[in-house]
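# Analysis of the macromolecular model
Chain by chain, the residues:
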Amino acid sequence: DQVLLVLNTGGGTVTGYGLAAAQLVRIKEAGLRLTISVEQVAASGGYMMACVADHLTAAPFAVLGSIGVITEQPNVYERLTKEGIKFTTITAGKFKRTLTPTKKIDLA
């Protein structure tokens, strides 16, 4: 037995699409083969869902991919430095906290 899912979405929240992708995994864990077909777009969270498939098909001009994250926050590092204030950040790993308003931004 197998499931065919026609997927067309520009994506949305991580929690919503993460849950949807997890439900697709449950289908596979139940022993069903999962085929996902994209007619127009599977971007962001939709792409995350599509990646769960055993077999993925897409129309020739369909848009797939574009998992991106954007965040904006003020950076007060230079002001704090000018005032002589230093912050220490302790994390459990190198990439646990890569963006913070109290540290110099390293774009490398």
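On a predicted model such as this, the values are computed, not experimentally measured, just so you know. (Residues numbered from 1 in each chain as written. Predicted model: local features only at pLDDT ≥ 70, side-chain atom pairs only at ≥ 80, totals over all residues. Heavy atoms only, no water.)

## Side note on the pairing of strand β1 (residues 2–9)
Residues in a regular strand point their side chains to alternate faces of the sheet. In this sheet, strand β2 (residues 33–43) lies alongside β1 in parallel orientation, the contact comprising 7 bridges. In the strand pairing of β2, V6 is matched with S37. The parallel pair β1 and β2, bridged by helix α1 (residues 14–29), forms a crossover whose chirality is right-handed. (Pairing = 2+ DSSP bridges. Helix = DSSP H or I, 4+ residues; strand = E, 2+ residues; numbered from the N terminus. Right-handed = clockwise from strand over helix to strand, strands pointing away.)

## Description of unusual backbone geometry
You will see that S44, though not glycine, has its phi angle at about 55°, which is positive. With respect to the helices and strands, the residue S44 is situated in the loop between β2 and α2 (45–50).

## With respect to the pattern of salt bridges
Counted under the stated rule, the structure contains 2 salt bridges. With a closest N to O distance of 3.4 Å, K28 and D54 form a salt bridge. In this pair, K28 sits in helix α1 while D54 sits in the loop between α2 and β3 (55–58), placing the two residues 26 residues apart along the sequence. The partly exposed category is assigned to K28, whose relative accessible area is 30%. Residue R79 pairs with E83 through a salt bridge whose shortest N-O separation is 3.3 Å. Relative accessible area serves as the criterion here: at 55%, R79 is assigned to the exposed category. (Salt bridge = Lys/Arg side-chain N within 4 Å of Asp/Glu carboxyl O. Buried < 20%, exposed > 50% of the residue type's maximum accessible area, 1.4 Å probe, protein only.)

## Looking at the side chain of T9
You can see T9 is positioned in strand β1. Only 3.0 Å separates the side chain of T9 from the backbone nitrogen of G11, close enough to count as a polar contact. Not counting chain neighbours up to four residues away, the residues in contact with T9 comprise Y17, V41, A42, A43 and G46. (Polar contact = N/O pair within 3.5 Å; in protein donor to acceptor, adjacent residues only side chain to side chain. Contact = heavy atoms within 4.5 Å.)

## Points about the confidence of the model for the protein chain
If pLDDT is low for a region, its predicted coordinates should not be looked at in detail. Scored by pLDDT, the protein chain comes out at a mean of 87, with 94% of its residues at no less than 70. Put simply, helix α3 (residues 77–82) is where the protein chain has its lowest mean pLDDT, 88, and β3 is where it has its highest, 97. (pLDDT = per-residue confidence, 0-100.)

## Overview of the environment of G18
In this fold, G18 is placed in helix α1. G18 sits in the partly exposed class, given a relative accessible area of 26%. For the pair G18 and M48, spaced 30 residues apart in the sequence, the C-alpha separation amounts to 7.6 Å.

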